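# Structural overview for review
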Amino acid sequence: MHRPQGVSRQRGMAMIEKLTAEERATALKELSGWNLVEGRDAIQRSFKFKNFNEAWGFMTRVALMAEKADHHPEWFNVYNRVDVLLSTHECNGLSQRDVKLARQISGISNQ
Ligand code: H2B
């Protein structure tokens, strides 16, 4: 597999790797509603709910899921809107962990 930049293996320890161009294209095709962020190697999606209660319920479920996976979203909430941004600090970019979490988040959003 061609890995252009920003990837490494150190002292035999497996590092989390940034997605290749091909992996990104595949992931974005699958993840409807998620878009690449401009100026940053990350994906984002905005969710709209009926009211704050629904939005907060969604955030609670995502928080528990994220904590379990030890992979956490960056997000912003106003009333019924939740903007979610996913990126992997460990590789300073998009990784398979973000794709997995995005899939799970979409799944529980019913959107
Ligand atoms: N969340 C995200 N989005 N990216 C990470 O690289 C990450 C994380 N790393 N949550 C985890 C926690 C790391 O900081 C801990 C120490 O495992």
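The present account deals with the structure reproduced in this document. All of these numbers come straight from a predicted model, not from anything done at the bench.

### Structural notes on the sheet that holds strand S4 (residues 81–86)
- With respect to topology, 4 strands assemble into an open sheet ordered S1-S2-S4-S3, the strand pairing being antiparallel. Edge positions in the sheet fall to strand S1 (35–36) and strand S3 (74–78), since each has one partner strand and no second.
- Pairing of strand S2 (residues 43–48) with S4 involves 6 bridges; the strand directions are antiparallel. Bridge pairing in S4 links Arg 45 to Val 84.

### Re the site of the ligand
- Residues in contact with the ligand, as listed here, are Asp 70, His 71, His 72, Ser 87, Thr 88, His 89 and Glu 90.
- Of the residues that constitute the shell around the ligand, the class distribution is no nonpolar, 5 polar and 2 charged.

### Digging into the nonpolar core
- Ranked by internal contacts, the top residues of the largest apolar core, which has 20 residues, are Trp 34, Phe 58, Leu 86 and Ile 105.
- Counting only elements with at least two residues in this core, the list comes to S2, helix H2 (52–69), S4 and helix H3 (96–109).
- The leading source of residues in this core is H2, at 5 residues.
- In this view, Trp 34 contacts Leu 28, Ile 43, Gln 44, Arg 45, Phe 47, Val 84, Leu 86, Ala 102, Ile 105 and Ser 106; residues no more than four positions away in its chain are not counted.

### Focus on the side chain of Asp 41
- You can see Asp 41 is positioned in the loop between S1 and S2.
- From its side chain, Asp 41 meets the backbone nitrogen of Leu 94 in a polar contact 3.0 Å long.

### Topic: H2
- The terminal C-alpha atoms of H2 lie 25 Å apart, and with 18 residues this matches the ideal 26 Å at 1.5 Å per residue to within 8%.
- Of the residues making up H2, those classed as buried are Ala 55, Gly 57, Phe 58, Met 59, Val 62, Met 65 and Ala 66.
- Of the residues flanking the start of H2, the one acting as N-cap is Asn 51, its side-chain oxygen 3.1 Å from the backbone nitrogen of Asn 53.
- Backbone geometry just downstream of H2 places Asp 70 in the positive-phi region, at approximately 50 degrees.

### A look at the pattern of salt bridges
- Within this structure, the stated rule accounts for 6 salt bridges.
- When the shortest N-O distance is used, the salt bridge between Arg 24 and Asp 41 registers 2.6 Å. Here the residue Arg 24 occupies a position in helix H1 (residues 21–30), and Asp 41 occupies one in the loop between S1 and S2, the gap between them amounting to 17 residues.
- Note on Arg 24: relative accessible area 17%, which makes it buried.
- Note that Arg 40 and Glu 74 form a salt bridge whose closest N and O atoms lie 2.7 Å from each other. Taken together, the residues span a long stretch of sequence, with Arg 40 in the loop between S1 and S2 and Glu 74 in strand S3 at a distance of 34 residues.
- For Arg 40, a relative accessible area of 37% corresponds to the partly exposed category.

Thresholds applied
Residues numbered from 1 in each chain as written. Predicted model: local features only at pLDDT ≥ 70, side-chain atom pairs only at ≥ 80, totals over all residues. Heavy atoms only, no water. Pairing = 2+ DSSP bridges. Helix = DSSP H or I, 4+ residues; strand = E, 2+ residues; numbered from the N terminus. Near = heavy atom within 4 Å. Nonpolar A, V, L, I, M, F, W, Y, C, P; charged D, E, K, R; others polar. Core = buried A, V, L, I, M, F, W, Y, C linked by side-chain atoms within 4.5 Å. Buried < 20%, exposed > 50% of the residue type's maximum accessible area, 1.4 Å probe, protein only. Contact = heavy atoms within 4.5 Å. Polar contact = N/O pair within 3.5 Å; in protein donor to acceptor, adjacent residues only side chain to side chain. Expected span 1.5 Å × (residues − 1). Salt bridge = Lys/Arg side-chain N within 4 Å of Asp/Glu carboxyl O.

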